[in-house]
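These are the residues of each chain, in order.
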Amino acid sequence: MNVVFAVKQYISKMIEDSGPGMKVLLMDKETTGIVSMVYTQSEILQKEVYLFERIDSQNREIMKHLKAICFLRPTKENVDYLIQELRRPKYSIYFIYLSNVISKSDVKSLAEADEQEVVAEVQEFYGDYIAVNPHLFSLNILGCCQGRNWDPAQLSRTTQGLTALLLSLKKCPMIRYQLSSEAAKRLGECVKQVITKEYELFEFRRTEVPPLLLILDRCDDAITPLLNQWTYQAMVHELLGINNNRIDLSRVPGISKDLREVVLSAENDEFYANNMYLNFAEIGSNIKNLMEDFQRKKPKEQQKLESIADMKAFVENYPQFKKMSGTVSKHVTVVGELSRLVSERNLLEVSEVEQELACQNDHSSALQNVKRLLQNPRVTEFDAARLVMLYALHYERHSSNSLPGLMMDLRNKGVSEKYRKLVSAVVEYGGKRVRGSDLFSPKDAVAITKQFLKGLKGVENVYTQHQPFLHDTLDHLIKGKLKENLYPYLGPSTLRDRLTPR
Amino acid sequence: MASLDDPGEVREGFLCPLCLKDLQSFYQLQSHYEEEHSGEDRDVKGQIKSLVQKAKKAKNRLLKREGDDRAESGTQGYESFSYGGVDPYMWEPQELGAVRSHLSDFKKHRAARIDHYVVEVNKLIIRLEKLTAFDRTNTESAKIRAIEKSVVPWVNDQDVPFCPDCGNKFNIRNRRHHCRLCGSIMCKKCMELISLPLANKLTSASKDSLSTHTSPSQSPNSVHGSRRGSISSMSSVSSVLDEKDDDRIRCCTHCKDTLLKREQQIDEKEHTPDIVKLYEKLRLCMEKVDQKAPEYIRMAASLNAGETTYSLEHASDLRVEVQKVYELIDALSKKILTLGLNQDPPPHPNTLRLQRMIRYSATLFVQEKLLGLMSLPTKEQFEELKKKRKQEMERKRILERQAALEAQRRLEERRSDLASRAANGEVVSLRGGPAPLRKAEGWLPLSGSQGQGEDSDPLLQQIHNITSFIRQAKAAGRTDEVRTLQENLRQLQDEYDQQQTEKAIEMSRKQAEEEDLQREQLQMLREREWEREREQFQAASLHTRTRSLDFREIRSFHLEPGREPRTHFAHVLDLGSSPAQSSAAPKSPSPSSALEPISVWSGPQALGQEFFPQSTMSQQNEVPSLNLFDEEDLSSPTAEGTTSPLAAEPSFGPSAHILKEYNPFEEEEAVGNPFTNPDSPAPNPFEEEDEHPHQRPSSPPVPGNPFEEATCTNPFEMDSDSGPESEEPIEEELLLQQIDNIKAYIFDAKQCGRLDEVEVLTENLRELKRTLAKQKGGTD
C-alpha cells in the first residue's frame, strides 16, 4: 500500500505504453502536482518526455513530431479543453489518461471531436491524489467545510480522491467512520455510493481480512496540530511550510538565489529519506556526518591535478560531488533556518509548556507557565495564541478556569484580533462538547494505569511526550478494540452483501 | 521534477558547481576549477561550520533533557532508519493499480463520426478530380459551367435569398456564387478559391497514397499560400470584368476548410522536421552506447585485473568506438539545441524548450554513462598487471598445495594414531562398558579382526553408535536427546561424505600421477616433456578459470588429469609394455575391474596404502612409490607446475562443490539412507577427536544411562562405546548401500540430463567399488 509507488507506476505505464519517440506530457493544474510528487525531471527526461504542458495553456505550438500523453482529471473544463485540442490536434498522436471515472457521454463527445483519428488510447488511471510519502497522501484542499458541513465541491473532490486511492491500491474496503462527526459519515456514504455504482471496478481479489477505510474527523483531536513538532519533516512543515515537497526559503535572511525554493523529496534525497522522522537533535548530528562525508569526497582544492589519473579521478567523481554539494547546501540551509527560528521564537520553551498543557493535568503550574511565556517578548503572537488555545481546550471546564485573564494578557501583548478570535473558534471546533472521546482524562482502567506508569517512569523527552490521539485510535483498531458504538460500520459490516449487484 | 513549471531554470552542460559558469568540456571545467577555486575557502564550508555549531548547540540543549539513550538511538537511526521505520520496501509487492479502458467505446463513437467525415472528404475530392480532369484554360466558360453543373447539382438561386454565411441579401450587386464542390450558394465575399496545384495535390495524394510528388505540386504550399493572401483583391478586380477563373475553382468556405485540413494531413505525412531526423540519430547512438558500454566495462574490468580473457587492443578499439559515439551524441544534441536559432522569425519558445530539454537529457546521459567508463591500462601497465596476477596465482597455488599437504599429513597422523591406539588395546579395554548397550540393540555384529577394524572409518563407527542411541532415545521417548543426537548424526554424516569425496578425489589424482610415473618409464623423455608442458598449460588455464567459481570448470579440471593419462595408458597397453600388463593382472579379480579397467592403478589406494601397508602391499604393483606425498614433495620445480594445482584444488574446491552437487539427491533419499545427508557443514570432528582421546579412559560411559552421554556436544566421546572389531562388515554393508545409492543417483541424473553430475557420480561409484574390492581382498 505504497501510494507514491502506486502513482509512479501509473505514470510509468503511461509513458511506456506510448512507445519510443519524443513526447509531451499534457496535464492540468492538479495532475501537474500529482506527477511532480513522484517523478523528478531528469527521471522523466530519460523516458523521452521532454515537454510538460498545461492543457489550458493557450501558448502551445503545433508540434506534430511529438506524441502527447494527456494525464487529466475528468472535469468538465478539461473535457472541453481536450475536445478543442482534438479538433485541432497539435501533436501527432494522443494517449489520453483520466485520473478518475469519466462519464460515458464525455467519452462520446471526445470521440466525436477526434475527426483526425489522433487518439490512440483512452484509459482511466486512478492517480487522483497527491502522494506525499509512501503512507501519506493529500488532496491539497484548504478548508473543506463550512461550519460543520461539507462544501459540496470539496466533498465530491474528496470522494473522488478516496475512491481513486482505493482503486490505485486495488482495495475494496469496509467503511467505518467517527460517529461524532456528521462530515465523516457523509463522506463515508459518498464513497460507498461510488463503490456500489462502480462495483465492476472494485472487483478485486478478496483478502482474508478485508481492508478497512476508517474516516476520522480532526475535531476529535484539536490538540495535536497546535503543538510544535520536533521531527525533521514535521518541523519543516510547521515552521517553513511544505507545498508539494517544495519549501519556500525566500524569507530566509541572506538566502542565495538558487536556494530560494528547494525540493525535499524522500524519493530522491537519501538524507531526507533517512532523517525525515528523526528528531531535531539527531538531525544535527547526522547533518554533521553528512558534511564530513562531503568534505571527504570533495575534490581537494589544494591538491594540484598533476597527472592524467588525477584528472580522470576528478572528472569521474565530479557529478557525484556536484550532487552531494547540492544536497549538503540544501539541508544545511534548511536546518540552519530551522534552528534560527527555534531560537528566535523561543520554541524550546514554548514547546515545553505546550507539552505540559497537552499531557499533564497540573492546572496551576500550566497557567503560571503560560502567563510567564505571554510576557516573553520573543514569543510570537502566533505561538502565544496557540498556547492560550491549548489552555482553553484542556481546561475548558476547569473550576478555576482563567481564560478571560489569559485573553487579557494576549490583548496586552498586542496579539491581533485575528489570532485572538481563534481561541474561541478552536474551542467551538474541538471542545469537549464536540469531541467523541476524552483527550485529557482517560476513563478506562487500562489507560489510567498506563498514565500512572508513565508518571512513575518519568518523561523521556519533554518535547515529545505528547502522543497524538490517532495513535490510540489506530492501536485499538489493530487490536480489534475500537468501539463500534464510537466508530460504527457503514451499512452491514460485511462488504460482500453490499457489493453483489442488484 | 523540481522545476517542472519553469524549465527555463534548468542549466545544463559542464557547470562549475561554485560559480555556475558553463564550461564547454570536462577539461575546461577542470582547469577552471583548478584556477578559480583552488585557493578559495569556500562559502559552503564556512556556512557548514557555523551550522555544525548551531546544530550541536541545539542538540546539546535537547539532549540535556533526553538522556544519553536518545543520542545513541539517534546515531543508529542515521544508519538503519529509512522513512523513520516505515520501509516501503518491506511491504508486500504492489501491482499496477486498477485501470479501465474506454478505447473500444471511444472508437465506436469515433468510427461513426469518421465514416461521415471520410465520406464527405472523399466526395469532395472525387468532385475536385472531375473538375480538374479537363483542360480548363482552353475550354469555353459555358462548357466549363456545364461540366461543373454536371459534377454537382447547383442549388436553385431562388431558394437562397441571403448568403448563408454572412447573411447579406443577394441582389444585382451582391450576386450569387455557387460552390463547385457542393453546389451551395454564397456571396462573393464568402467565396473561396482552390488553385489547380492544390487540387492536383489533393487528388493525386488520394489516388496513390505513396504520393510521389510531381514538380508542380512540389511547392503547393507556397503557391497556394501566396494566392490565398491575395484572393480578395484579385477576385474583386476580376469579378467586375469576368467571372471566369481559369485556374481556380470556386467553392464555399466549408468545403475549403475540409480540403485544407486534408492538405495539412498530407503534408504532415510526408514532412519530417529536421529535429526528428537528428533525434532519431541521437536515439540510435544512445542505443549503441547501451549495447556497447557494458561490454566494454566488462572488458576493462577484466583487463584491469590482469586477466587475459580479452585482448587489450580489442578493448581499446571498443573504447574508442564508444567514445566516438559519445562525441556523436554530444554533437547531435548540440545541433538539436541550435536548430533554427538563426532563423528570422525565431522558433516558438516551446520548440526551443524542447531542444533544450533534448540537449539536457543527452548531457545527462553522457555524464551518467561516460563516467562509468573506466580507463584501460597501458600496454606496460597491462604487462605488469599480468605478471602480478600470475605471481599471485602462483603464490595462491603454492599456499593451497601446502595447505592440502598439511591437511593430508594431519589426517594420516590421526589415523595412525587411531590405529596405534586400537592396537594398544585402549579401545578394547573400554569395550566392556558399552557392550551391553550394543547387545540390547542387537544390530551391531561383533565380528572381524581388530586389524580390519582400523580399516573402517572412525566416523562410520560414530554414525552407527549415534543411530543406535537415537533408536534407544526414541524408544525411551526422550525427544530432546533424539534431536541433539540427530543433529550430531547429521554433522557426522556430512563429515563422512566429505571425507569420502575427498578420498575419491585424492585417489583419482594419485591414480593419474601413478600413470604419469608409469608413462615416464615407458615413454621417451621428449614425449614426457611435451606432455608436461601440455598439462601445465591446461592446468594453468583451467586454474585461472576456476576463479569464477564455476563448478563445471572445476570439475572438468579435476577430471582432466584422470582422463588424460587414461588414453596414454591405453596407448601403453597397445605397446604391450610389460609393467602395465603385470600391474593389470592382479587386479582382474576385483569386481570393479570389470567396469573400470583403469582401476588397475588404484591398487595402491593412496590412503589405504598408508594405513594398511601389510594388507595391501602384497597386491601392489611396486612401481609407483608407496608414499605419494613424498614423491610430490620431492618433485622437481618443473613438475610442480603440473602437480600443484592438482594437489591444491581437489582437496578443497571440488570436494566441497561435489558435495553441494549431491545435495538434492541425498536429501531425497535421506529417509532411506541415513548415512548420506550432508545437510549442514560439519565442524571438523577430527580436531575434537584429537582433543579427547586421552579423556576417554577417564570418562567411561555409564551404561545404564546412555542418554546423558548422548546429549553431550562432542559425539566422539561416544567413540569408546563401540568396539572397533564390529566395524569392518558394517562398512562393507554400508559401502554396498552407498554404491546402490549412487547408482540410483546416476540413473536419476541421466534421466534429468545432468551429464556433469553423472560424471562426478560415476567417479564416486568407481571409488566406492574400488574400496569395497580392496576391503574384500583385505578380509580374504
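What you see is a predicted model; the values in this text were computed from it and never measured. (Residues numbered from 1 in each chain as written. Chains lettered and ligands numbered in written order. Predicted model: local features only at pLDDT ≥ 70, side-chain atom pairs only at ≥ 80, totals over all residues. Heavy atoms only, no water.)

(A) Structural context of the packing of aromatic side chains. Residues and elements named next belong to chain A. The tally for this structure, following the rule as stated, stands at 11 aromatic pairs over all chains. With 5.3 Å between their ring centres and 65 degrees between their planes, Tyr129 and Phe137 make a pair best called edge-to-face. Relative accessible area serves as the criterion here: at 0%, Tyr129 is assigned to the buried category. The class of Phe137 is partly exposed, set by a relative accessible area of 25%. Ring centres 5.3 Å apart and planes at 45 degrees place the aromatic pair Tyr391 and Tyr395 in the tilted group. Owing to a relative accessible area of 0%, Tyr391 belongs among the buried residues under this scheme. Residue class for Tyr395 comes out buried when judged on its relative accessible area of 3%. Here the aromatic cluster, defined as three or more aromatic residues joined through ring pairs, consists of Tyr10, Tyr97 and Phe125. Across from the ring centre of Tyr39, 5.1 Å away, lies the NZ or CZ of Lys8, which sits over that ring. For Lys418, the ring lying beneath its charged end belongs to Tyr419, and the centroid distance is 4.9 Å. (Phe/Tyr/Trp six-rings, centres within 6.5 Å; stacked < 30°, edge-to-face > 60°. Buried < 20%, exposed > 50% of the residue type's maximum accessible area, 1.4 Å probe, protein only. Lys NZ or Arg CZ within 6 Å of the ring centre and 35° of its normal.)

(B) Inspection of the pairing of strand β6 (residues 130-133) of chain A at higher detail. Residues and elements named next belong to chain A. In this sheet, strand β7 (residues 136-138) lies alongside β6 in antiparallel orientation, the contact comprising three bridges. Following the sheet pairing, Asn133 is matched in β7 by Leu136. Linking two consecutive strands that pair antiparallel, namely β6 and β7, is a turn of two residues. (Pairing = 2+ DSSP bridges. Helix = DSSP H or I, 4+ residues; strand = E, 2+ residues; numbered from the N terminus.)

(C) Looking closely at the packing of helix α14 (residues 381-394) of chain A against helix α15 (residues 403-413) of chain A. Residue and element names in this part refer to chain A. Taken N-terminus to C-terminus, the directions of α14 and α15 make an angle of 175 degrees; their axes are 11 Å apart at the nearest point. Accordingly, the angle class assigned to the pair α14 and α15 is roughly antiparallel. Note on element contacts: α15 touches α14 through Leu403, Leu406, Met407, Leu410 and Lys413, opposite Ala384, Ala385, Val388, Tyr391 and Ala392. Residues that form the contact of α14 with α15 fall into these classes: nine nonpolar, no polar and one charged. (Axes fitted to C-alpha atoms, helices over the stretch in contact; angles between N-to-C directions. Parallel < 35°, antiparallel > 145°, perpendicular 65-115°, else oblique. Contact = heavy atoms within 4.5 Å. Nonpolar A, V, L, I, M, F, W, Y, C, P; charged D, E, K, R; others polar.)

(D) Quick look at the pattern of salt bridges. According to the stated counting rule, one finds 39 salt bridges over all chains in the structure shown. Glu115 of chain A is the partner of Lys261 of chain B in a salt bridge, and the nearest nitrogen-oxygen pair spans 3.5 Å. Here Glu115 of chain A lies in the loop between α5 (104-113) and β5 (119-125) and Lys261 of chain B lies in helix α9 (residues 253-270), a pairing that spans two chains. Like Lys261 of chain B, the residue Glu115 of chain A is buried in the burial classification. Its salt-bridge partner being Arg340 of chain A, residue Glu344 of chain A comes within 2.8 Å of it at the nearest N-O pair. Of the two residues, Glu344 of chain A and Arg340 of chain A are both situated in helix α11 (residues 308-344); the distance of four residues between them amounts to about one turn of the helix. Its relative accessible area of 42% is what places Glu344 of chain A among the partly exposed residues. (Salt bridge = Lys/Arg side-chain N within 4 Å of Asp/Glu carboxyl O.)

(E) Fine view of the sheet that holds strand β14 (residues 261-263) of chain A. Residue and element names in this part refer to chain A. Strand order in the open sheet formed by three strands is β12-β13-β14, with antiparallel pairing between adjacent strands. Each having just a single partner strand, β12 (242-243) and β14 make up the two edges of the open sheet. Relative to β14, strand β13 (residues 246-248) is paired through three bridges, and the arrangement is antiparallel. Paired with Arg246 across the two strands is Val263, which belongs to β14.

(F) A look at the nonpolar core. Ile11, Met22, Tyr94 and Tyr129 of chain A together with Ile329, Leu354 and Ile358 of chain B are the most contacted members of the largest nonpolar core, which totals 116 residues. If one sorts the elements of this core by residue count, helix α10 (residues 274-304) of chain B sits on top with 13 residues. Once you skip the residues sitting within four places of it in the chain, Tyr94 of chain A turns out to touch Leu26, Ala68, Cys70, Glu85, Leu86, Pro89, Val118, Val119, Ala120 and Glu121 of chain A. In this structure, Leu249, Ala266, Phe321 and Tyr463 of chain A belong to the second largest nonpolar core, which totals 38 residues. (Core = buried A, V, L, I, M, F, W, Y, C linked by side-chain atoms within 4.5 Å.)

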